[in-house]
There are 4 protein chains.
Amino acid sequence: MATLKEFFKADHFAAEAGVELLEVRPGYARASMEVTEKHLNAGGVCQGGALFTLADLAFAAVANSCGKLTLSVTANITFLRPAGRGMVYAEAVEVFPHRRIPFVEVKLTDESGALLAVLTSSGYRKESDLPVEGLE
Amino acid sequence: MATLKEFFKADHFAAEAGVELLEVRPGYARASMEVTEKHLNAGGVCQGGALFTLADLAFAAVANSCGKLTLSVTANITFLRPAGRGMVYAEAVEVFPHRRIPFVEVKLTDESGALLAVLTSSGYRKESDLPVEGLE
Amino acid sequence: MATLKEFFKADHFAAEAGVELLEVRPGYARASMEVTEKHLNAGGVCQGGALFTLADLAFAAVANSCGKLTLSVTANITFLRPAGRGMVYAEAVEVFPHRRIPFVEVKLTDESGALLAVLTSSGYRKESDLPVEGLE
Amino acid sequence: MATLKEFFKADHFAAEAGVELLEVRPGYARASMEVTEKHLNAGGVCQGGALFTLADLAFAAVANSCGKLTLSVTANITFLRPAGRGMVYAEAVEVFPHRRIPFVEVKLTDESGALLAVLTSSGYRKESDLPVEGLE
């Protein structure tokens, strides 16, 4: 059986975007993505969908860190600063670890620690267990 | 000078995800994406970030259809049904075409017309003109 | 046993704000509120919380129109035009009538039909029945 | 000329709901509301609109603490725990103090410090000065 961290390597879309799950603990996860040419939109900055993908993987890791399958119901992302080339980090905190409807906040920052975007998301936690054993 | 439709071909991230801008008129845009293996998350359904990318391009097209550079400030996406392999369509309508803070709604549907997700987004419209001439 | 419409008369906060539930059918509800002096904020326009209260009652009516107790998990409201004195109407549509996590959209308009605000909300539907019989 | 704190006493709707602005500093505001019989909804807990009103006043205070008129464009509120009778507190932090589109997070807690709801909101900052002198 895989760990949670290994399980999320099967997220093809996130993997193709270069998202890496760096750390996952109960209630906390951290991921990164290097913004390169291929992440840019027509305006020459990182596409919102790329930032969302990074934030979504961090959400999924923390929301599933309890071992129960948890999906994103709704997510609200606010873009504060444009992201250029370079590393972007996502820190996800499960602010409210509810049995059914947990609430997670994800902050995206660049290498200098400047806040790029904030995502908040409500999840829906199912009865079924994830097919994982352990976190990292 | 390019048309708006051509301009958005330079969105590398959306292009790599297979997003195509099908139609753009003042106040309306439509885009598509074929969900394939590479769009799937660890749960075997289309990653939320891929759906967001499709919706974001449709947002950008309609929000910029007036010719002024318009960015997404905040976006709220609600996932209603998981999307499997196949075509997904995004229809974006500028519900409130404000001079500074327009409001756009995007609906994502699958081939059968079933609603997959709804995104609403507030934009910020700048004074500067987009370097485009015409829409399509 | 009361009807759903009667049940919501026990919403003290909405009643005090002058919210009236005009109509409720499966998947649809309509409510009104007259904006008077007491609804205004320090800027002289209708307080966002008053508009939210109106929208929330319309949400609650439509989300509970199936007879199962349904709560608001998260709501996103976008203010498009300031509301002055006069009638405001809320139309709520259950866009996605899910067994657990329904999704509702509420549009607020003034007497002239101008769109004032849009609220979208995800609910959480419990197993328990509402203590009501019939809708209106 | 009034201080900012005095200015917000003219928010009739918030005042009628019992909202009090306790503190306002650059980038931070705190407000309170006592939940009584009149704040309850048909389910016997504090109406979402009452909590929104409290959060909205705290948002307005912090967003206007720079002296420029700032309106709420869009607000996202997530309800985590039902609020019963008793005091509720709102702490608002301007997470991103942008010249045009600031971003604010408001946390609502009860007397025991338990988190009841989280509101995030993007504002729109105008050129015009508020008719106030000083904060408190």
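Residues numbered from 1 in each chain as written. Chains lettered and ligands numbered in written order. Predicted model: local features only at pLDDT ≥ 70, side-chain atom pairs only at ≥ 80, totals over all residues. Heavy atoms only, no water.

### Some details on the pattern of salt bridges
Working step 1: For the structure on display, the rule yields 28 salt bridges over all chains.
Working step 2: A salt bridge links Arg85(B) to Glu37(B); the nearest nitrogen and oxygen atoms lie 2.4 Å apart. A residue pair is termed long-range when its members are at least 10 positions apart, and Arg85(B) in the loop between strand E3 (68–79) and strand E4 (86–96) and Glu37(B) in the loop between strand E2 (28–35) and helix H3 (48–63) qualify at 48 residues.
Working step 3: Exposure remark for Arg85(B): the relative accessible area of 55% places this residue in the exposed category.
Working step 4: A relative accessible area of 43% places Glu37(B) in the partly exposed class.
Working step 5: The shortest N-O distance in the salt bridge between Lys107(B) and Glu105(B) comes to 4.0 Å.
Working step 6: Residues participating in the shared-partner salt-bridge network are Glu23(A), Arg25(A) and Arg30(A). (Salt bridge = Lys/Arg side-chain N within 4 Å of Asp/Glu carboxyl O. Helix = DSSP H or I, 4+ residues; strand = E, 2+ residues; numbered from the N terminus. Buried < 20%, exposed > 50% of the residue type's maximum accessible area, 1.4 Å probe, protein only.)

### Some details on the environment of Ala83(D)
Residues and elements named next belong to chain D.
Working step 1: Along the chain, the position of Ala83 falls in the loop between strand E3 (68–79) and strand E4 (86–96).
Working step 2: In sequence terms Ala83 and Ala42 are 41 residues apart; their C-alpha atoms lie 13 Å from each other.
Working step 3: Beyond its immediate stretch of four places on either side in the chain, Ala83 contacts Val45, Cys46, Leu51, Val88 and Leu116. (Contact = heavy atoms within 4.5 Å.)

### So, the side chain of Glu105(D)
Working step 1: Mapped onto the fold, Glu105(D) is located in strand E5 (residues 103–110).
Working step 2: Setting aside chain neighbours within four positions, we find Glu105(D) in contact with Glu105(A), Glu91(D), Ala92(D), Val93(D), Val95(D), Val118(D), Leu119(D) and Thr120(D).

### Brief notes about helix H3 (residues 48–63) of chain A
All names here are of chain A.
Working step 1: The end-to-end C-alpha distance of H3 is 22 Å, a good match for the 22 Å that 16 residues give at a rise of 1.5 Å each.
Working step 2: Counted residue by residue, H3 has 16 buried out of 16 residues, so it is predominantly covered.
Working step 3: Between the side-chain oxygen at the start of H3 and the backbone nitrogen of Gly49 there is a gap of 2.5 Å, and the oxygen is on Gln47. (Expected span 1.5 Å × (residues − 1). Polar contact = N/O pair within 3.5 Å; in protein donor to acceptor, adjacent residues only side chain to side chain.)

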